[in-house]
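Residue-level listing of the chains:
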Amino acid sequence: MDKLLIEGNGPLTGDVRISGAKNAVLPILTATLLGSTASRINNVPHLNDVTTTMSLLGRMGCQLTMGDNMQVEVDPSTINDYAAPYDLVRTMRASILVLGPLVARYGQAEVSLPGGCAIGARPVNLHIEGLRAMGADITIDGGYIRAKAGRLKGANIHLETVTVTGTENLLMAATLARGQTVIENAAREPEVVDLANYLTAMGAKIQGAGTSTLVIDGVDDLYGTDYTVVADRIETGTFLVGAAASRGKICVKDTVPSNMNSVLDKLTEAGADITIGDDWIELDMHGERPQAVNVTTAPYPDFPTDMQAQFCVLNAVASGTSKITETVFENRFMHINELQRMGADINIDGNSVTIKGVERLTAAPVMATDLRASASLILAALVADGETSVSRVYHIDRGYERIEEKFHQLGAEIRRASD
Ligand code: EPU
């Protein structure tokens, strides 16, 4: 198993290019199943979760072609198997995203029920209830969701909790249903909007993307199209926080600044000087230590849970005391114990942590527990004295493209080694 070795060697400086968004490309790849012809998806990041999704589509019988330049072509017309087996779903919960497209277009699906994971119980009851409301017959049996349906019918669905992949599954299913579907309390995340844009380019009729009410008028057919995936706002935020914590100056390129407002507001409050262009963000700390900032996570447009761990690191080396509250997942503080081992002064109390900033952290061997926790450990290592080793790097390879290369480009001393 690989580990990353990182020397805390001063501020991050320089430019870095942002990849396509993991949480947009995964639903877009599964949405290709809805088309009667092939789609070409551009700006696809090289990530383990993308490889897993492609394996899943390949096992179903889709034809996949990789282009030279971050392109993937998916031709769903040869599909002959409608299952997402346990061995793939357990490595990637987002496999659940095949459920809506399979039921809507092929009238059948067998998808392993994802279990709990390192950040919470993460049930999928709202995905199932929504599909049932659209007329699917769904049973849970032997750890599998087994769904059958004729043509789905439009429904009024009120999601009791804002769910990103739940909204995406129901949105995809509704595009081919007979009649109108209204999804209330829908997720407003930019990744949901990107999926809606792709579906619209395929011929879907969707109104309200980016608001909490989606109105979808079902169509008879959708067609493959050429589509470019939006930039990853969490990767963008991760590099910006790395620069802020290390008192650096960086420019992130090929990103979408307007998707970053809540994170940029907090970085400004922490003392960062931020300049925004059409598709770039420059952050300059002018060599100063960040100020502690309070953060509460909540669905978009509020502060993203996927940036919570990184802000724990920023606050761990900031001047002052801060409180971070996690409201989206019940168990997303696994990184705190590792940060404490690096000298961070943090107390956990229920779904909040109180952090008293220290000048520097100290290197230690630490272990990644989930994707964003791993990212936070790399950031912590950048502001620690000595060499930190972060093990179980496979978590980070699920969602960050060429992470060590990109940090290296910003001046970090970081290398990969095997255990
Ligand atoms: N929930 C339910 N029932 C459901 C679905 C969700 O109770 O049927 C609850 C969850 O337990 C959780 C809350 O609703 O407490 C929100 O979960 P959501 O469904 O929005 O999460 P998700 O769709 O499984 C996506 C991202 C996550 C990101 C969350 C929140 C993808 C593939 N994953 O997960 O990304 O943290 O939304 O923004 O889009 C990551 O990239 O590291 C990651 C974990």
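Residues numbered from 1 in each chain as written. Predicted model: local features only at pLDDT ≥ 70, side-chain atom pairs only at ≥ 80, totals over all residues. Heavy atoms only, no water.

Draft legend 1. Here's a closer look at the site of the ligand. Not every one of the 22 residues close to the ligand is listed here, only the nearest: N125, T163, T165, D306 and V328. Here P123 contributes a backbone N or O atom positioned 3.3 Å from an oxygen atom of the ligand. Contact distances for the ligand include 2.8 Å between an oxygen atom and a backbone N or O atom of L126. Calculation on the ligand without its partners gives an accessible area of 830 Å², and the protein chains cover 87% of this total. Among the elements of the structure, helix 1 (22–31), helix 5 (125–133), helix 6 (164–175) and helix 12 (371–382) are those that each provide at least two residues to the shell around the ligand. At three residues, helix 5 tops the list of elements feeding residues into the shell around the ligand. (Near = heavy atom within 4 Å. Polar contact = N/O pair within 3.5 Å; in protein donor to acceptor, adjacent residues only side chain to side chain. Areas by Shrake-Rupley, 256 points an atom, 1.4 Å probe, with all protein chains shown as cover. Helix = DSSP H or I, 4+ residues; strand = E, 2+ residues; numbered from the N terminus.)

Draft legend 2. Region of the structure containing the sheet that holds strand 23 (residues 365–367). The sheet built from four strands is open, its strands ordered 23-25-1-26 with mixed pairing. Looking at the sheet topology across the chains shown, the edges are occupied by strand 23 and strand 26 (413–418). Going from strand to strand, the sheet's axes swing by 25 degrees on average, the running direction of each strand aside. Bridge analysis of strand 23 against strand 25 (residues 387–391) gives three bridges, and the strand direction is parallel. Counterpart to M367 in the pairing with strand 25 is S391. (Pairing = 2+ DSSP bridges. Axes fitted to C-alpha atoms, helices over the stretch in contact; angles between N-to-C directions.)

Geometric descriptors of this kind do not, in isolation, establish any biological role.
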